[in-house]
Amino acid sequence: MRIAVPKETWPGELRTAMVPANAKRLVKLGFEISVESGLGLAAGFSDAAFEEVGATVVSDRAALFHQAEMILRVRKPELSEVAGLPPNAIHVSFLDPFNERELVEALAAQGVTSLSMEMIPRSTRAQKMDALSSQANLAGYVTVIEAAHLCPQAFPMMMTPSGTIRPARVFVIGAGVAGLQAIATAKRLGARVEAFDTRPVVAEQVRSLGAKFVEIDLGEVGQTEQGYAKALTPEQIALQREGQKKVVAESNVVITTAQLFGRPAPRIVTMDMIQQMQPGSVLVDMAVETGGNVEGSVLDQVVDINGVKIIGRGNLPSQVSRSASEMYSNNLVNLIEEFWDAESKQLQLAADDEIVQAAVVTRDGTLVNETIRNAYGE
């Protein structure tokens, strides 16, 4: 089976869907791997490194697609590229299917089997291919490093001959994968960490990392079968804001991670809360790409409001592109190995498989994903 891996063209995207170590794994399984020239340079992987493990480096992007039976990439394809994809090819990437109906319909019309990495279910079996979690983990780490860089307060407590420096206070809102990694990283740097999540079930995880869980009574809340936080009512959001006000005002760093799968992010830090923060404080809005948790945050900008810096950096995993590429590439190879039939030399995506049902969006000229069909109102 011929796998093609094109270079990412999304502005600012430094990750790659394939690293040499995983190309070597696939070559040993009998795959033919072709990568576009320059594929891994931004993440620190040379063309020569791919050639050394048996991959072919191709300069002509159109030719790369023409021979492909499977295409692996990080970002969704450009709409203009879809016509150049071979019919019956398998395309695997983050696809953003809830917001890319025209692209999804074009992939279906082209006869492409598209698999969206956002849609991999959060189950024990699928954990090794859960790219959302692997990338969110790194995003949580990067968030704290960015905040520490801009925060004028040192994170750890320091006892020196000239006096004692108190530890920075860090408040993490949302204790999913990214939030838990942010908590762990801030603790490693020596900060005093508090955290809140609408799901009381994660309180023990927060405490196990050495952070204090902020208790706010929101009434009946919970999480979906996939482990995502359920959307709050407007009344519950108001209660959350009120309960967080004092903690936000006293914090040196506030990190918001609240996102709703397939929907705009909830607004949980408002301008009146920001105005109560001390000058020099830092807010990091991890949800800025999906509408933002913080009022006044702007994608890919640092906004200063009365001395409070609001970081709205997008594509956080790309800041550690080598590690992010290794983890994402692992997710893809684990997916391939899970469904690879060595006898037939085919990827067997059985229609009744729970992972296939969740993640395959188009197949045989049709939109087959029930969740996306419902989102489109079909």
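Below you will find a few notes about this structure. (Residues numbered from 1 in each chain as written. Predicted model: local features only at pLDDT ≥ 70, side-chain atom pairs only at ≥ 80, totals over all residues. Heavy atoms only, no water.)

1. Structural notes on the overall build of the chain
Argument step 1. Tallying secondary structure elements over the chain gives 12 helices and 19 strands in all.
Argument step 2. For 378 residues, the compact-globule estimate of 2.2 N^0.38 gives 21 Å, and the chain sits close to it at 22 Å.
Argument step 3. Over its C-alpha atoms, taken along the principal directions, the chain stretches across nearly 65 × 50 × 35 Å.
Argument step 4. Taking all contacts inside the chain whose residues are at least 6 apart in sequence as the whole, residues at least 24 apart take part in 63%.
Argument step 5. In the structure as shown, the chain presents an accessible area of about 16,800 Å², 50% of it carried by carbon and sulfur atoms.
Argument step 6. Computed over 34 positive and 45 negative side-chain charges, the separation of the two mean positions in the chain equals 6 Å. (Helix = DSSP H or I, 4+ residues; strand = E, 2+ residues; numbered from the N terminus. Rg over C-alpha atoms; globule rule 2.2 N^0.38 Å. Contact = heavy atoms within 4.5 Å. Areas by Shrake-Rupley, 256 points an atom, 1.4 Å probe, with all protein chains shown as cover. Lys, Arg positive; Asp, Glu negative; His and termini not counted. Charge placed at Lys NZ, Arg CZ, Asp CG, Glu CD.)

2. Observations concerning unusual backbone geometry
Argument step 1. Although it is not a glycine, N306 sits at a positive phi angle of roughly 55 degrees.
Argument step 2. Among the structural elements, N306 can be located in the loop between β14 (302-305) and β15 (308-311).
Argument step 3. N306 gets classed as exposed once you look at its relative accessible area, which sits at 61%. (Buried < 20%, exposed > 50% of the residue type's maximum accessible area, 1.4 Å probe, protein only.)

3. Quick word on the sheet that holds strand β19 (residues 366-367)
Argument step 1. Within the open sheet, the eight strands sit side by side as β3-β2-β1-β4-β5-β6-β18-β19. Their pairing is mixed. Every other strand in the sheet has two partners, leaving β3 (56-58) and β19 as the edge strands with one partner each.
Argument step 2. Sitting on the sheet, helix α10 (residues 321-339) is in contact with β1 (2-5), β4 (70-72), β5 (90-93) and β6 (113-116), with an inclination near 145 degrees to β5. (Pairing = 2+ DSSP bridges. Axes fitted to C-alpha atoms, helices over the stretch in contact; angles between N-to-C directions.)

4. Focus on the nonpolar core
Nonpolar side chains tend toward joint burial in soluble globular proteins.
Argument step 1. Judged by nonpolar contacts, the single largest core of 61 residues is most densely connected at I3, M18, L72, M117 and I120.
Argument step 2. Looking at which element gives the most residues to this core, the answer is α10, with six residues.
Argument step 3. Once residues lying within four places of it in the same chain are set aside, the contact partners of I120 are L115, A126, M129, D130, L335, I355 and A359.
Argument step 4. The next biggest cluster of nonpolar side chains, apart from the first, holds 31 residues, and it includes L180, A195, A211 and L316. (Core = buried A, V, L, I, M, F, W, Y, C linked by side-chain atoms within 4.5 Å.)

5. Here's the deal with helix α5 (residues 131-150)
Along an α-helix, residues three or four apart share an orientation, since each turn contains 3.6 residues.
Argument step 1. Between its terminal C-alpha atoms α5 stretches 29 Å, which fits the 28 Å expected from 20 residues at 1.5 Å a residue.
Argument step 2. Measuring from the side-chain oxygen of the N-cap residue of α5 to the backbone nitrogen of L132 gives 3.4 Å; that N-cap residue is D130. (Expected span 1.5 Å × (residues − 1). Polar contact = N/O pair within 3.5 Å; in protein donor to acceptor, adjacent residues only side chain to side chain.)

6. Observations regarding the packing of α5 against α10
Argument step 1. Two numbers describe how α5 lies on α10: the axes approach to 9 Å, and their chain directions differ by 165 degrees. With respect to their mutual orientation, α5 and α10 come out roughly antiparallel. Judged by the twist between their axes, the crossing of α5 over α10 is right-handed. Of the residues in α10, those touching α5 at A131, S134, Q135 and L138 are S323, A324, M327, Y328 and N331.
Argument step 2. Its residues assigned to classes, the contact of α5 with α10 comprises five nonpolar, four polar and no charged. (Parallel < 35°, antiparallel > 145°, perpendicular 65-115°, else oblique. Left-handed = near helix turned anticlockwise from the far one by under 90°. Nonpolar A, V, L, I, M, F, W, Y, C, P; charged D, E, K, R; others polar.)

7. Focus on empty space enclosed by the protein
Where empty space is left becomes clear once a probe the size of a water molecule has been rolled over the atoms.
Argument step 1. Under the counting rule described, the total for this entry stands at two cavities of 30 Å³ or more.
Argument step 2. The space that makes up the largest cavity amounts to roughly 60 Å³.
Argument step 3. For the largest cavity, the full set of lining residues is K7, E8, T9, W10, R61, R73, R75, K76, P77, E78 and E81.
Argument step 4. Computed from the structure, the second largest cavity encloses a volume of approximately 40 Å³.
Argument step 5. For the second largest cavity, the full set of lining residues is I90, V92, L115, L335, I336, F339, L347 and L349. (1 Å grid on protein atoms, 1.4 Å probe; cavity = no way out; pocket = protein on both sides within 12 Å on 5 of 7 lines; lining within 4 Å. Points joined across faces, edges and corners; volume = space filled by probe spheres on them.)

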